[in-house]
Amino acid sequence: MVWRIAILRLNKFLAQAGVASRREADRLIQDGRVKINGRVVTELGVKIDEFRDRIEVDHHPVKLPSEQIYLLLNKPAGYIVTLDDPQGRKTVMDLLPRLPVRVFPVGRLDAETEGLLLFTNDGELAHRLIHPRYEIKKLYEVRVKGFVEDKDLDRLQKGVFIDGRKSAPARARIIYRNREKSLISLEIHEGRKHEVRKMLSALGFEVKKLRRVSFAGITVKGLRRGFWRRLKPEEVARLRKMTGLAD
Ligand code: URA
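Residues numbered from 1 in each chain as written. Predicted model: local features only at pLDDT ≥ 70, side-chain atom pairs only at ≥ 80, totals over all residues. Heavy atoms only, no water.

**Some thoughts on the pattern of salt bridges**
Applying the stated criterion to the full structure yields 17 salt bridges. Taking the shortest distance from any N to any O, the salt bridge between arginine 177 and aspartate 150 comes out at 2.9 Å. Here arginine 177, found in strand β13 (residues 171-177), pairs with aspartate 150, found in helix α4 (residues 150-158); they are 27 residues apart in sequence, far enough to count as distant. Assessed through its relative accessible area of 30%, arginine 177 is described here as partly exposed. A salt bridge links glutamate 187 to arginine 171, with the nearest nitrogen and oxygen atoms 3.7 Å apart. Residue glutamate 187 is located in strand β14 (residues 181-188), and its partner arginine 171 is located in strand β13; the two are separated by 16 residues in the primary sequence. Overall, glutamate 187 belongs to the buried group, its relative accessible area being 16%. Linked by salt bridges that have partners in common, Arg22, Glu124 and Arg128 make up one network. (Salt bridge = Lys/Arg side-chain N within 4 Å of Asp/Glu carboxyl O. Helix = DSSP H or I, 4+ residues; strand = E, 2+ residues; numbered from the N terminus. Buried < 20%, exposed > 50% of the residue type's maximum accessible area, 1.4 Å probe, protein only.)

See the structure below:
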């Protein structure tokens with residue numbers, strides 16, 4: 001259990017509760033959508049007591065989670081990243097333990113992608129980890145059909161056009177290659193949808209297997225596929241530091 005100070009700024013409270021980023025929360029406040037103890041507040045910088053004050057956004061009460069939870073899952077292929085699937089398909093939530101509070105995935109992986117996926121109820125940290133501004137590094141192992149040449153690596157590193165926009169500089173190296181298949185390691189810091197598959201496809205390669213091996217320097221090493229673990233306090237501290245949330 002982490003004890004928190006009860007008095008904090010309203011925008012920080014809203015961000016920690018996962019309602020919005022601090023800046024978006026300021027906008028909600030200015031737009032008159034936030035109430036403290038039944039009264040609309042529109043000035044910024046107001047402080048609240050999270051245990052005594054009653055906060056509402058658009059008439060819905062907002063509460064901070066009673067405990068902050070950070071989990072890492074080694075996602076197997078075939079599970080979709082969603083909280084709930086109306087079609088009843090297997091979701092990543094099926095692989096997590098029963099928890100006292102609801103946690104959310106930090107970003108997404110395609111159903112067929114394996115590897116590291118974080119979950120938390122810390123909305124503010126999650127928001128920052130997926131925001132392009134913090135350039136959080138994601139390391140993938142990509143198995144493709146065919147021989148990846150050095151010039152292909154070079155193009156991946158410099159950026160290739162996907163959906164009309166060039167991918168940001170990346171790091172790519174060969175782990176193994178032969179005429180039939182290649183295994184490459186690719187580190188990117190953007191988080192565009194299907195980015196790795198599209199980068200390889202732009203060079204004419206079909207991705208056969210995709211696995212995220214690390215995120216923000218945290219690795220999935222030693223954790224069996226389909227299993228989860230809690231993040232260590234020092235890992236959480238590092239994530240907070242990287243995203244400017246260290247106290
Ligand atoms: N890039 C992809 O194409 N898919 C993923 O699941 C993750 C990154």
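Let's pick the thread back up.
**A short note on the sheet that holds strand β5 (residues 55-57)**
Pairing within the open sheet is antiparallel, and its 4 strands lie in the order β3-β2-β5-β6. The sheet is open, and its two borders are formed by β3 (39-40) and β6 (60-62), each paired with just one other strand. Pairing of strand β2 (residues 34-36) with β3 involves 2 bridges; the strand directions are antiparallel. Bridging across to β3, lysine 35 finds its partner in valine 40. (Pairing = 2+ DSSP bridges.)

**Digging into the side chain of arginine 192**
Among the structural elements, arginine 192 can be located in the loop between β14 and α5 (195-202). Buried charge without a partner: arginine 192 forms no salt bridge, and the closest opposite charge is glutamate 190, 4.0 Å away. A polar contact is formed between the side chain of arginine 192 and the backbone oxygen of arginine 165, at a distance of 3.5 Å. (Lys, Arg positive; Asp, Glu negative; His and termini not counted. Polar contact = N/O pair within 3.5 Å; in protein donor to acceptor, adjacent residues only side chain to side chain.)

Nothing here speaks to function; it is geometry throughout.
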